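Structure at a glance
In case you want the letters, here they are:
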Amino acid sequence: MLGDRRVVVVGAGVAGLAVATALAQRGARVCVLEQAARIAEVGAGLQISPNGAAVLAALGLGDALRAGGVLNRAVELRDYARGRPVLRLDLARHHSGPHPFVLIHRARLIGLLETAARNAGVEFRLGETADPATLDAPLVIGADGVKSATRRLLNHESEPFFTGQVAWRAVIRDDAVPEAHVYMGPGRHLVTYPLSDGLRNIVAVEERAQWAQEGWNHTDDPANLRAAFTGFAPEVLDWLEQVETVNLWGLFRHPVAPRWCDARRVLAGDAAHPTLPFLAQGANLALEDAWVLADCLNRLPQAEALAAYQAGRQPRVARAIRAANGNARNYHLRNRLVRGLAHGALRLGGRILPQAPLKRFAWLYDHDVTGPAGQRPA
Ligand SMILES: Cc1cc2nc3c(=O)[nH]c(=O)nc-3n(C[C@H](O)[C@H](O)[C@H](O)COP(=O)(O)OP(=O)(O)OC[C@H]3O[C@@H](n4cnc5c(N)ncnc54)[C@H](O)[C@@H]3O)c2cc1C
């Protein structure tokens, strides 16, 4: 169905690069327009779960993902003050399976995707801010992120809203165990995990009444980060002491877009469904979108393909976003008694049925959009 159709992709983030590659590998003539002068990502990490790794493998990047990242052994929730384990998700079984959990530097993942896109013949026009209303192509894919102009055009909406949370992102030199650790405190939490090359990634989230800064992120004084996480476990304070440069992000969101497409425009990734980072799924869902969209366009006439893509993806991304919002509440419990009871219940549950917490997420991590047609939209 794709033949050598001309497709314009707006945005060279994870969603744009992945969909461009998937389409070009199926014969489409793809051009990516990116407003930045070069394709780059902020220095921070990404957790790629098996559902996202499946797409990277199908794009031919499975070995490069394993080689470029760190295999994540476990996600462990900890209490903020003493760092005592509350719940452990043992991920080891995934590493003997077809698709691993990988911790990877964003810049490295973007680099892998850009190389795959170029190898598949994708053309890039960098430093070009596209206006999706005037782009003249049989198909325009708006992979233009949370501030998407394509989304505004299709849904006639205003700007995204501030979620009441800010996130510092930093990287320090440290040899960390290959696990992700989440320290849960009142109104804030900190996630840390290793990246390859002896780096440790830190994401620290705090609730705030408002975001007063111009723009979406800015460089911050590491002293502000240290002050916000006073009272956290000694190892956390040690890591924060080592932070030399840090960026602070306001976390903004939209609800899942009601309308993802018209006859010749369609959304993918954060443009369609920005999510809070508390389930580490934004990039993974963007990868899934990319594969499903390319697959639908390859099998069906365009109008049917776009409708099948939206119908297939919307319930799943909505479920993932609800789960991420739930984590936001549960990580940040403010009342000491409630927090103690909740953590106690999780500890007990984890001791009685250690595999149960991970099984609860089988719908998310074991979903393979590249697999048999049973998992794909009709
Ligand atoms: C603190 C934090 C931690 C996170 N951790 C994880 C994680 O561990 N795992 C995970 O899966 N996800 C994570 N995420 C989410 C993930 O980063 C995003 O969901 C993902 O990067 C979205 O990719 P995207 O391609 O849709 O959008 P973006 O990455 O925002 O890309 C959009 C691109 O479009 C370009 N663009 C926009 N408008 C135009 C225009 N008009 N013309 C041309 N170009 C344009 C932009 O310059 C940009 O390059 C995290 C997010 C945050 C904030």
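Everything here concerns the structure above.
Nothing here was measured: the structure is a model prediction, and the numbers come from that model.

What counts as what
Residue indices follow the written sequence of each chain, beginning from 1 at its first position. The model is predicted, so local features are restricted to residues of pLDDT at least 70 and side-chain atom pairs to those at 80 or more, both for listing and for counting; the totals for chains, interfaces and linings are taken over all residues. Derived side-chain values reflect all non-hydrogen atoms in the structure, with water molecules and hydrogen atoms excluded from consideration. One heavy atom suffices: a residue is near a molecule or strand as soon as one of its heavy atoms comes within 4 Å of it. What qualifies as a polar contact is a pair of N or O atoms within 3.5 Å, subject to a donor-acceptor requirement within protein and to the restriction that residues adjacent in sequence count only when both atoms come from side chains. Note on areas: Shrake-Rupley, 1.4 Å probe, and residue coverage restricted to the protein chains presented here. Runs of H or I in DSSP of at least four residues are treated as helices and runs of E of at least two as strands, each being numbered from the N terminus. Ten residue types, Ala, Val, Leu, Ile, Met, Phe, Trp, Tyr, Cys and Pro, are classed as nonpolar, four, Asp, Glu, Lys and Arg, as charged, and the remainder, Gly among them, as polar. Like charges are joined within 9 Å and nonpolar side chains (Val, Leu, Ile, Met, Phe, Trp, Tyr) within 5 Å, but only among residues with over 30% relative accessible area and no salt bridge; these make up the patches. Any Lys or Arg side-chain nitrogen located within 4 Å of an Asp or Glu carboxyl oxygen qualifies as a salt bridge. Any Phe, Tyr or Trp ring, taking Trp's six-membered ring, that has another such ring centre within 6.5 Å forms a pair; planes under 30 degrees apart are called stacked, those over 60 apart edge-to-face, and the others tilted. Each residue is assigned to one of three classes by its accessible area relative to the maximum for its type, calculated with a 1.4 Å probe on protein chains only: buried under 20%, partly exposed between the two thresholds, exposed over 50%. When the NZ atom of lysine or the CZ atom of arginine is within 6 Å of a ring's centre and also within 35 degrees of its normal, the charge is said to sit over that ring. Note on pairing: two strands pair once DSSP finds at least 2 bridges between them. Every axis corresponds to a line fitted to the C-alpha atoms, with the helix fit spanning only the stretch in contact, and the corresponding angles, defined between N-to-C directions, vary from 0 to 180 degrees. Any two residues whose heavy atoms approach within 4.5 Å at even a single point are treated as in contact. Here the expected span of a helix is defined as 1.5 Å times the quantity of residues minus one. Taking the helix axis as origin, the arc is that swept by the directions to the C-beta atoms. Angles are sorted into four bins: roughly parallel if under 35 degrees, roughly antiparallel if over 145, roughly perpendicular if 65 to 115, and oblique for all others. Less than a right angle of anticlockwise turn of the near helix away from the far helix marks a crossing as left-handed, whereas a clockwise turn marks it as right-handed.

Observations regarding the site of the ligand
- With respect to spatial proximity, 29 residues lie near the ligand, and among them Glu 34, Gln 47, Arg 106, Asp 270 and Ala 283 are the closest.
- A distance of 3.1 Å separates an oxygen atom of the ligand from a polar atom in the backbone of Val 14.
- The contact in question runs from an oxygen atom of the ligand to an N or O atom on the backbone of Gln 47, over 2.8 Å.
- Contact with the protein chains hides 85% of the accessible area of the ligand, taken as 1,000 Å² for the molecule alone.
- For the shell around the ligand, the elements supplying multiple residues, two or more each, are α1 (14–25), β2 (29–34), β3 (45–48) and α9 (282–299).
- The element best represented in the shell around the ligand is α9, accounting for three residues.
- Its residues assigned to classes, the shell around the ligand shows 13 nonpolar, 10 polar and six charged.

Examining a nonpolar patch on the surface
- Where nonpolar side chains cluster on the molecular surface, the patch consists of Leu 348, Ile 352 and Leu 353 and spans about 320 Å² of accessible area.
- Among the structural elements, Leu 348 can be located in helix α11 (residues 336–352).

Describing the packing of aromatic side chains
- One pass over the full model with this rule turns up nine aromatic pairs.
- With a centroid separation of 5.5 Å and an interplanar angle of 50 degrees, the aromatic rings of Phe 162 and Phe 252 are classed as tilted. You can see Phe 162 sitting in strand β10 (residues 161–173) and its partner Phe 252 sitting in strand β15 (residues 246–253), a full 90 residues away along the chain.
- Where Trp 260 meets Tyr 309, the ring centres are 5.5 Å apart and the plane angle is 70 degrees; that geometry is what we call edge-to-face. With a gap of 49 residues between them, Trp 260 in the loop between β15 and β16 (265–267) and Tyr 309 in helix α10 (residues 302–331) connect regions that are remote in the sequence. Taken as a pair, Trp 260 and Tyr 309 share a single burial class, namely buried.
- Cation over ring: Arg 26 sits above Trp 291, and NZ or CZ is 4.4 Å from the ring centre.

Points about the sheet that holds strand β9 (residues 139–142)
- Ordered by their spatial adjacency, five strands build an open sheet running β8-β2-β1-β9-β16, and the pairing between neighbours is parallel. Two strands close off the open sheet at either side, each with one partner strand: β8 (123–126) and β16. Neighbour-to-neighbour, the strand axes of this sheet turn through a mean angle of 20 degrees, independent of strand direction.
- Across four bridges, the pairing between strand β1 (residues 6–10) and β9 is parallel. Each residue of the ladder has a partner; that of Val 9, found in β9, is Ile 141.
- Contacts from α10 reach β9 and β16 within the one sheet, and its direction differs from that of β16 by about 20 degrees.

Regarding helix α5 (residues 106–119)
- Helix length check: α5 (14 residues) gives 20 Å between terminal C-alpha atoms against 20 Å at 1.5 Å per residue, within 8%.
- Gly 121 occupies a position one or two residues after α5 and carries a positive phi of about 95 degrees.

Points about the pattern of salt bridges
- Tallied over the full model, the rule gives 17 salt bridges.
- Two residues, Arg 118 and Glu 114, come together in a salt bridge whose shortest N-O distance is 2.9 Å. With a gap of four residues between them, Arg 118 and Glu 114 both fall in helix α5, about one helical turn apart.
- In this structure Arg 118 comes out as partly exposed when scored by relative accessible area, which is 41%.
- Among the salt bridges present, the one from Asp 289 reaches Arg 313, with a minimum N-O distance of 2.7 Å. With a gap of 24 residues between them, Asp 289 in helix α9 and Arg 313 in helix α10 connect regions that are remote in the sequence. Each member of the pair, Asp 289 together with Arg 313, is buried.
- Each of Arg 73, Glu 76, Arg 78, Arg 88 and Glu 179 takes part in salt bridges that share partners, so that together they form one network.

Notes on helix α8 (residues 234–241)
- Along α8, the residues classified as buried are Val 236, Trp 239 and Leu 240. Seen end-on, α8 carries its buried residues on one side only, within an arc spanning 95 degrees. Looking at α8, the residues exposed on the side facing more than 90 degrees away from the buried face are Pro 234 and Glu 241.
- Summarising the contacts, the buried residues of α8 are in contact with β10, β11 (180–185), β12 (188–195), β13 (199–207) and α7 (222–228).

Here we look at the packing of α9 against α10
- One can describe the packing of α9 onto α10 by two numbers: an axis separation of 8 Å at closest approach and a directional angle of 155 degrees. Our classification of the angle between α9 and α10 gives roughly antiparallel. For the crossing formed where α9 meets α10, the hand is right-handed. Where α9 abuts α10, its residues Leu 285, Glu 288, Asp 289, Val 292, Leu 293, Cys 296 and Leu 297 lie against Gln 302, Ala 305, Leu 306, Ala 308, Tyr 309, Arg 313, Arg 316, Val 317 and Ala 320.
- In terms of residue class, the contact of α9 with α10 is built from 11 nonpolar, one polar and four charged.

Some thoughts on the sheet that holds β13
- Overall, mixed pairing links the eight strands, which are arranged β6-β5-β11-β12-β13-β10-β15-β14 in an open sheet. Because the sheet does not close on itself, it has two edges, and the strands there are β6 (85–90) and β14 (217–220). Sheet twist, expressed as the average angle between the axes of neighbouring strands with direction ignored, equals 20 degrees.
- Along the sheet, α10 makes contact with β5 (74–79), β10, β11, β12 and β15, crossing β11 at roughly 55 degrees.

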